[in-house]
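# Notes for the structure review
Below are the chains, spelled out letter by letter.
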Amino acid sequence: MWRRAPSSPALRAASSRRWASSVASSHASSRALEQFMGKRLPTVGAGFSKEELIALEHDYGAHNYHPLPVVLSKGSGAYVFDTDGKRYFDCLSAYSAVNQGHCHPKIIGALTRQAQQMTLASRAFHTEQLGPFSRFVCEYFGYDRVLPMNTGVEAGETAIKLARRWAYTVKGVPDGEAKVIFAKGNFWGRTLNAISSSSDPVARKHFGPFCPGSELVGYGDSAALREMLRREPNVAAVMLEPIQGEAGIVVPPEGYLREVRELCTEHNVLFIADEVQTGLGRTGKRLALDHENVQADILLLGKALSGGVMPVSAVLASHEVMDVLTPGSHGSTFGGNPLGCAVATAALEVLRDEGLAENAHRQGVFLREGLKRLQQERPDVLADVRGKGLLIGMVINEASPIDAWSLCLKLMEAGLLAKPTHDTIVRLAPPLVITSEQAAQQLDILSAVIESV
Ligand SMILES: Cc1ncc(COP(=O)(O)O)c(C=O)c1O
């Protein structure tokens, strides 16, 4: 197991001196130097050792994550590089935010062009960017209206507010009585409402009291959903991930999403699809719902909507649903900002123009078939391989000689970065730009490491 990084007053003093001088020098002279010498200047962390950088995070940051002991400095396409220049395959893609690959030139081009023109105006004024982006994203996904936000969890909060207001003003649910049904194992972020509807004790412990208004039903169990909808007259919406990502790449039975759609229609309940992780090519289609030709009433997008460049999320819906909002009823200072609109437009164009969903399907089939063969050879290590497209879960056998965390450490040493989810599952989600050759190399690394166990 990784131990705490050593820390001392001396290290702290040295670190802060170096940090201050590196920041000062990069701020004071960067523009002039870059302009006249065309040179790359040191970034904020340049000049620190790997150990110092880990110690700084440890000493000054909250301990709400447990990162692998690697310090990344650069990313390019399917690769990331640590501070020593070692190259790794990124098989997490920042939890599927970097579908288009690290620092995609088209997206970075849009970012830098727009950053020099205008970054933020707030929604107090119209901007040149919001209208064209809104039309593009609505036409691309087949919805009437969009409400741009920033993070995925804000998209979820927005959807629930929309659904509640729709329930009171359109469906006729008595005020204050609306319910939203979630699936057990769901993950949609860390706000109080998100953990209130969560079934994960680690996410909830000592954070109560929780928000009312949610019910839980078994994921993939359409009979249980049917029964709950029959019993509960005040349901505003059912909110689901088409594949549960954080729960461990849980793929529901075929036909489930279509049945959810039909049940929602039958009971006059909105279907909210949380495609924050599964959308935008990740599962081998534009949206994971496309596998069953299903259209949700409210669609949530985030993460790769900006290619991992900045937080941009979006809630898409019909006129009927979105028009329940009136000026002042919802908003966000940064939501719909010009920079986000420019970046998200470029990020969607990259997905479309480079056929990334199709590539995710091709490389996903290759990787899963290879991993299934590996599972047959080493069932003592791999209990299951599942997923769709490039959202793949390797389930580690409970009796395996190696646990998921230690396996990820070995993979890291071998040049592939992946992260366990829920102790026994390793998620493989490389950027969708990986070539066949890179997928073969990834499979070689995975095979060599698993065979060596
Ligand atoms: C399905 C799903 N929804 C929502 C979120 C929350 O997104 P964010 O972390 O941007 O708030 C996540 C994050 O992992 C997610 O996987």
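What counts and what doesn't
Residues numbered from 1 in each chain as written. Predicted model: local features only at pLDDT ≥ 70, side-chain atom pairs only at ≥ 80, totals over all residues. Heavy atoms only, no water. Domains from an automatic or database assignment. Buried area = accessible area lost by both parts, 1.4 Å probe. Salt bridge = Lys/Arg side-chain N within 4 Å of Asp/Glu carboxyl O. Polar contact = N/O pair within 3.5 Å; in protein donor to acceptor, adjacent residues only side chain to side chain. Helix = DSSP H or I, 4+ residues; strand = E, 2+ residues; numbered from the N terminus. Nonpolar A, V, L, I, M, F, W, Y, C, P; charged D, E, K, R; others polar. Buried < 20%, exposed > 50% of the residue type's maximum accessible area, 1.4 Å probe, protein only. Lys, Arg positive; Asp, Glu negative; His and termini not counted. Contact = heavy atoms within 4.5 Å. Pairing = 2+ DSSP bridges. Axes fitted to C-alpha atoms, helices over the stretch in contact; angles between N-to-C directions.

So, about the domain arrangement of the protein chain. Considered domain by domain, the protein chain is made up of domain 1 (43-100 + 355-453) and domain 2 (106-353). Taking only C-alpha atoms into account, the centre of domain 1 sits 27 Å from that of domain 2. Both sides together, the interface formed by domain 1 and domain 2 hides about 2200 Å², and carbon and sulfur atoms give 55% of it. Considering only the surface of domain 1 that becomes buried against domain 2, Q100, K388 and L391 emerge as the three largest contributors, covering 30% of it. Put simply, domain 1 and domain 2 have one salt bridge between them. Residue R427 pairs with E246 through a salt bridge whose shortest N-O separation is 2.7 Å. Our count for the contact surface shared by domain 1 and domain 2 stands at 19 residue pairs in polar contact (both at pLDDT 80 or more). For the side of domain 1 that touches domain 2, the elements supplying multiple residues, two or more each, are helix 3 (93-96), helix 13 (356-377), strand 11 (382-388), strand 12 (391-396) and strand 15 (425-428). Partitioning the side of domain 1 that touches domain 2 into residue classes produces 14 nonpolar, eleven polar and three charged.

Structurally, R368 is set in helix 13. Despite its burial, R368 pairs with no opposite charge; the closest candidate is E369, at 7.4 Å N-O. Ignoring anything within four residues of it in the chain, the contact list for R368 reads V385, R386, G387, K388, G389 and I392.

This part takes up the sheet that holds strand 12. Pairing in this open sheet of four strands is antiparallel, and the strands run 11-12-15-14 from one edge to the other. Because the sheet does not close on itself, it has two edges, and the strands there are strand 11 and strand 14 (419-421). Looking at each pair of strands side by side, their axes are set apart by 30° on average, direction ignored. Helix-sheet contacts for helix 14 (residues 404-413) involve strand 12, strand 14 and strand 15, and the interaxial angle to strand 14 is about 165°.

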